[in-house]
Amino acid sequence: MRAGFPFLFCYFSHPSRVHPASADSRGQRGRDCDTDLRVLSAWGPAVVTHDSPALPVTFKQKLRNVLIEEGNTATLRCELSKPGHSVEWRKRGHELIRNGEKYHTTYHRDMLIELRICNVTPEDSDIYTCICGNIETSATLTVNGRGYFMNFSLCLKHFLSIIKLYCHFLALPITFKQKLKNLQIEEGHNITLSCEISKPGVPVEWRLGGDLLESGDKHQIKQRGSVLELTIRDAAPEDNAGEYCCFVGSVVTSADIKVRGIQTSQKGRVILKPGEKYEMKQEGRLTKLIINNVEESDAGKYTCKTKDNQSTAELSVKGKTETLHRQHDSLKNTIPLTFKMGLKNQEVAEGGNVSLRCELSRAGVPVQWWKADELLCHGGRYQMMLKGKIAEMHIKNIQPEDVGEYSCAFGEQKTTAEVNVRGI
């Protein structure tokens, strides 16, 4: 007590402020301090405030994504941890949004902030960001066209109907939409058999005769959706060994391929090549060797060869006259050779078998079988037999492409018949 007045002394470790306490501020803490101390003196109560660093502002509630139908008002809302801070809104992260007819920014309790977007359209769909100093929060606004929610049930119903149709499709039996077709090609080329099934992605098997075929150097197997392919590389006459079949479960389609051998011409053992001296021509089923500027040294035997067959003739040169004699072992006998009974037209259902038969006037005469201008060989679906004077050819598993004219020939003579598939 000094001069009759009481005094209270206190010491602070940090700078502080002492100010008189008013009726409104008594017992309250200032916004920018964390500690207060009431001091009673002779002049009345006072408040001592102790300064401390301010806490940083944060987003107590961040923006949330909004899904809304066209024509309505969308509201994006967030909340700050402290009042008295301004914010700005941006679209796409860089486009500043200003208040107007389209956009309205409002504050509630000085910390809850809203951005209202009026009469939204699908073009308003974007990312919106609220920025306060160096902090920000973002959300996506998605605007669906009118009738989206009403049409959702119709879309769902349509989707379920598609699922039902697909299940029905899976239950249908598998068939061949396109079957294999018989093919022919020259020796040394690649050939591809192709067919199509009614369902994609179904496992299949390819077989030659009864042997299972697999992809490798000789055969290449492909499946593209419902289209199935078998490619035979470097086709050779031995590839005619039987029927090629494609199996899908118990369903099958088959076809034959015919590989035409490459023909060569020889004089004795010397292979002849086309040039000024020799010309080689193919006219339908007729092969010609033309010898230019014939000399006596050209006399000799000439042979036309394929891989499986050959024919030989002898050329005699007398002075300037060229004589070409075609000799066949079957014509050495001087008895006239004719067809006693010719071929007869045949008609059969698809998939059936055909037998063509004729009779010659002499037994043991070799014949050739032709389809139009195409020479046929024994093997696969073609089975050829010669029993005494009777010549026969059997064709298995007749297909529409087998329709045509077939001939049995020897020398310059032949007999011809038509083969048709019933129903075509």
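This text follows the structure it describes.
Predicted, not measured: the structure shown is a model, and the values here were computed from it.

Enquirer: Can you help me understand the overall build of the protein chain in this one?
Expert: A tally of helices and strands in the protein chain yields 1 helix and 38 strands. Scored against the burial criterion, the 424 residues of the protein chain give a buried share of 31%. Of the contacts formed within the protein chain by residues at least 6 apart in sequence, a portion of 54% connects residues at least 24 apart. For the protein chain, the accessible surface area stands at approximately 27,200 Å², while carbon and sulfur atoms represent 52% of it.

Enquirer: I'm lost on the state of the cysteines in this one. Help?
Expert: The bond known as a disulfide is covalent and runs between the sulfur atoms of two cysteines. One pass over the full model with this rule turns up 0 disulfides. For the unlinked cysteine C130, the closest cysteine sulfur is that of C78, found at 3.7 Å. Take C130: its relative accessible area is 0%, and that puts it in the buried class.

Enquirer: Please clarify how the sheet that holds strand β9 (residues 103-108) should be interpreted in this entry.
Expert: Neighbouring strands of a sheet are bound in pairs by backbone hydrogen bonds; such pairs are parallel or else antiparallel. The antiparallel open sheet is built from 4 strands, whose spatial order is β4-β6-β10-β9. Either end of the sheet is taken by a strand with one partner, and the two such strands are β4 (59-61) and β9. Averaged over neighbouring strand pairs, the angle between their axes works out to 30° when direction is ignored.

Enquirer: Just to check I follow, could you spell out the packing of aromatic side chains for this structure?
Expert: Tallied over the entire structure, the rule returns 1 aromatic pair. Relative to F410, the ring of F339 has its centre 4.9 Å away and its plane inclined at 50°; by these criteria the two rings are tilted. Residue F339 is located in strand β30 (residues 339-341), and its partner F410 is located in strand β37 (residues 404-410); the two are separated by 71 residues in the primary sequence. A residue is classified by how much of its surface remains accessible, and F339, at 18% relative accessible area, is buried. In this structure, R381 is placed above the aromatic ring of Y382, and the distance from its NZ or CZ to the ring centre is 5.9 Å.

Enquirer: Is there a simple way to think about the environment of I191 in this case?
Expert: Looking at the secondary structure, you find I191 in strand β15 (residues 191-197). Taking C-alpha positions, I191 is 6.7 Å from R233, a pair spaced 42 residues apart along the chain.

Enquirer: Honestly, the sheet that holds strand β11 (residues 126-132) in this entry has me stumped. Any pointers?
Expert: Taken in spatial order, the 5 strands of this open sheet run β5-β12-β11-β7-β8, and their pairing is mixed. A single partner strand is all that each edge strand has here, and the edge strands are β5 (66-69) and β8 (95-97). The sheet shows a mean angle of 30° between the axes of neighbouring strands, taken without regard to direction. In the sheet, strand β7 (residues 88-91) pairs with β8 via 3 bridges, with the strands oriented antiparallel. Bridge pairing in β8 links K91 to E95.

Enquirer: What should I look at first to understand the pattern of salt bridges in this one?
Expert: A side chain with one charge can pair with a side chain of the opposite charge if their charged atoms come near. With the rule as written, the count across this model stands at 15 salt bridges. The closest approach of N and O atoms between K277 and D298, which form a salt bridge, is 2.8 Å. Highlighted residues: K277 in the loop between β24 (270-271) and β25 (278-283) and D298 in the loop between β26 (286-291) and β27 (300-305), separated in sequence by 21 residues. Residue classification places D298 among the buried residues on the basis of a relative accessible area of 5%. Salt bridges sharing common partners tie together R92, E95 and D126.

Enquirer: Honestly, the environment of A372 in this entry has me stumped. Any pointers?
Expert: Summarising the element assignment, A372 is placed in the loop between β33 (368-371) and β34 (374-376). Since its relative accessible area comes to 43%, A372 is described here as partly exposed. C-alpha of A372 to C-alpha of G404: the two residues are 32 residues apart in sequence and 7.2 Å apart in space.

Enquirer: In this structure, what is going on with the side chain of Q399? I would like to understand it.
Expert: Along the polypeptide, Q399 turns up in the loop between β36 (390-395) and β37. Given the relative accessible area of 9%, Q399 is considered buried. Non-local contacts of Q399, meaning those with residues more than four positions away in its chain, are made with E350, G351 and V421.

Enquirer: How should I be thinking about the pairing of strand β12 (residues 135-144) in this particular structure?
Expert: Bridge analysis of β5 against β12 gives 4 bridges, and the strand direction is parallel. The partner of V66 across the bridge, within β12, is L141. The antiparallel pairing of β11 with β12 creates a hairpin that spans 2 residues between the two strands, and G133 there sits at a positive phi of about 65°.

Enquirer: Looking at this structure, how should I read the environment of E114?
Expert: Among the secondary structure elements, E114 is positioned in strand β10 (residues 112-117). Taking relative accessible area as the criterion, E114 reaches 11% and is therefore assigned buried. With 37 residues separating them along the chain, E114 and R77 place their C-alpha atoms 4.5 Å apart. Setting aside residues no more than four positions away along its own chain, E114 makes contact with T75, L76, R77, W89, H104, T105, T106 and H108.

Enquirer: What's the story with the side chain of D239 in this structure? I'm lost.
Expert: Note on placement: D239 falls in the loop between β19 (227-232) and β20 (244-248). In this structure D239 comes out as buried when scored by relative accessible area, which is 8%. At a separation of 3.1 Å, a polar atom in the side chain of D239 contacts the side chain of K218. Setting aside residues no more than four positions away along its own chain, D239 makes contact with K218, I232, D234, Y244, I257 and V259.

Enquirer: Please clarify how a nonpolar patch on the surface should be interpreted in this entry.
Expert: Where nonpolar side chains cluster on the molecular surface, the patch consists of L156, F159, L160 and I163 and spans about 370 Å² of accessible area. Looking at I163, the relative accessible area reads 37%, which means it is partly exposed.

Rules of the game
Residues numbered from 1 in each chain as written. Predicted model: local features only at pLDDT ≥ 70, side-chain atom pairs only at ≥ 80, totals over all residues. Heavy atoms only, no water. Helix = DSSP H or I, 4+ residues; strand = E, 2+ residues; numbered from the N terminus. Buried < 20%, exposed > 50% of the residue type's maximum accessible area, 1.4 Å probe, protein only. Contact = heavy atoms within 4.5 Å. Areas by Shrake-Rupley, 256 points an atom, 1.4 Å probe, with all protein chains shown as cover. Disulfide = S-S within 2.5 Å. Pairing = 2+ DSSP bridges. Axes fitted to C-alpha atoms, helices over the stretch in contact; angles between N-to-C directions. Phe/Tyr/Trp six-rings, centres within 6.5 Å; stacked < 30°, edge-to-face > 60°. Lys NZ or Arg CZ within 6 Å of the ring centre and 35° of its normal. Salt bridge = Lys/Arg side-chain N within 4 Å of Asp/Glu carboxyl O. Polar contact = N/O pair within 3.5 Å; in protein donor to acceptor, adjacent residues only side chain to side chain. Patch = residues over 30% accessible without salt bridge, like charges linked within 9 Å, V, L, I, M, F, W, Y side chains within 5 Å.

None of the figures reported here should be taken as evidence of function without further support.
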